[in-house]
Amino acid sequence: MIKRNACLSNLTAGYLFPEIGRRRREFAAAHPEARIISLGIGNTTEPLTPHIDAGLVEGARRLGTLEGYSGYGDEQGLTDLRERIAAVFYDGKMAADEVFVSDGAKCDIGRLQLLFGGNVEVAVQDPSYPVYVDGSVLIGAGGAWQGTGYAGIRYLPCTAANDYFPDLAQLPTDGLFYFCSPNNPTGAVASRAQLTALVEAARQRGTVIVFDAAYAEYIRDPALPKSIFEIPGSRECAIEVNSFSKPIGFTGVRLGWTVVPKELKYASGETVWADWNRICTTVFNGASNVAQYGGLASLEPAGLKEMRELTDFYLGNAALIRAALGELGISCIGGDNAPYLWAHFPGQASWDVFARILEKCHVVTTPGSGFGPAGEGFIRFSAFGHRADVEEACRRLVERL
Ligand SMILES: *Cc1c(COP(=O)(O)O)cnc(C)c1O
């Protein structure tokens, strides 16, 4: 019989969200009267906004006409969209042909390691978004599971003790470092000084930074960088992945992008840009044209206004959760420039706190330990939810926890 890919055998079962679902169902079965509210999942809940929705509808309608029909497009995305992304999000600092439009940031992260193969040393923030680690394991760079982590992955703790910013002395030499800001799960946002130090350290060590900016549009503090490419020297050491999912609710529509600067080179002197172009044209056939029309609408003035309003709405939810946790005397970070709050329950196991909140308040959260060993003792609250649900969840937290 055919043999299983050994990398797949190394991958431990996707444990976190299935386990949350299992516990939720078990609780619901035992308490059929309970109205459970989820503040657990990083999925958007509010409908598409009118101008952006109209862009999608018009895009789809155009495809039904002889003049407007298009089949396969450029794998790298519509030229108009690449130009708009470069202008709106990068202030013209990145060229349109350095922007590669995709079907989402997660999908790009999954394809990215084709660039570096299975022999590269990988480091992640601990806690972190799971796909950085799982993608590394799939390509053979993760090694075997060893109880709390993979043998081949460096987990750089990001905790209150270090202001949620890793010890840069631990960056791998000539390796890969995944960095997410605003962070999922912690909601922490790296300052300009921190990112400057990161870029400096990466350049000294030959480390490539994969900067995940999926939540950049939630940043409200003008002093905080929204892109790694605001930092001098980053063009020689960084790739940025980004997404329309969280700023305009395209989680289901599917649209993202990756920026690869032409200065980024391998030890051999070849550009990473040329290889990424090759990968995009080889194993990816371009993002949906309808989704791209929607993306274009979101970058027009009316669309940008809606993007701002939608992210303001979720930040409003975050402010309510933050106030509720404050009333309870629970210390937390995040929620100001990110749709997540990271609440500390010192000395308690994340899963125990998760169970207590579910039992007492009928509210589903996410146990911090599911994002990496340094997440133990924390709970992630997500601000994605309908306002009435968030208000009700906050009332229950304050009254019953
Ligand atoms: C939600 C999320 C993404 C988005 O991925 P898409 O595939 O574009 O929907 C990427 N990175 C992080 C950290 C996320 O939380």
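Shown above is the structure to which this text applies.
Residues numbered from 1 in each chain as written. Predicted model: local features only at pLDDT ≥ 70, side-chain atom pairs only at ≥ 80, totals over all residues. Heavy atoms only, no water.

Draft legend 1. Structural detail: the pattern of salt bridges. A full pass over the atoms with the stated rule returns 20 salt bridges. Of the charged contacts, one joins Arg 22 and Glu 26 as a salt bridge, the two residues approaching to 2.9 Å between their closest N and O atoms. Of this pair, Arg 22 and Glu 26 both sit in helix 2 (residues 16-30), separated by four residues, roughly a single helical turn. Given a relative accessible area of 38%, Arg 22 falls into the partly exposed group. Residues Glu 230 and Arg 192 are paired through a salt bridge, measuring 2.9 Å at the closest nitrogen-oxygen approach. On the criterion of sequence distance, the pair formed by Glu 230 in the loop between strand 6 (208-212) and strand 7 (238-243) and Arg 192 in helix 7 (residues 192-205) is long-range, its members being 38 residues apart. (Salt bridge = Lys/Arg side-chain N within 4 Å of Asp/Glu carboxyl O. Helix = DSSP H or I, 4+ residues; strand = E, 2+ residues; numbered from the N terminus. Buried < 20%, exposed > 50% of the residue type's maximum accessible area, 1.4 Å probe, protein only.)

Draft legend 2. Quick peek at the packing of aromatic side chains. In total, this model carries 21 aromatic pairs according to the counting rule given. Relative to Tyr 132, the ring of Tyr 129 lies with its centre 5.6 Å away and its plane at 65 degrees, an arrangement referred to as edge-to-face. Cluster of aromatic residues (ring-pair linked, three or more members): Tyr 215, Tyr 218, Phe 313, Tyr 314, Tyr 340 and Phe 384. Looking at Arg 62, its charged tip hangs above the ring of Tyr 293, at a distance of 4.1 Å from the centre. (Phe/Tyr/Trp six-rings, centres within 6.5 Å; stacked < 30°, edge-to-face > 60°. Lys NZ or Arg CZ within 6 Å of the ring centre and 35° of its normal.)

Draft legend 3. Main features of the sheet that holds strand 9 (residues 332-334). The four strands are arranged 9-10-13-12 in an open sheet whose pairing can be described as antiparallel. In the strand order of this sheet, the two ends are held by strand 9 and strand 12 (366-367), each with one partner. Alignment of strand 9 against strand 10 (residues 340-344), held across three bridges, turns out to be antiparallel. When the bridges of strand 10 are listed, Ile 333 appears paired with Trp 342. (Pairing = 2+ DSSP bridges.)

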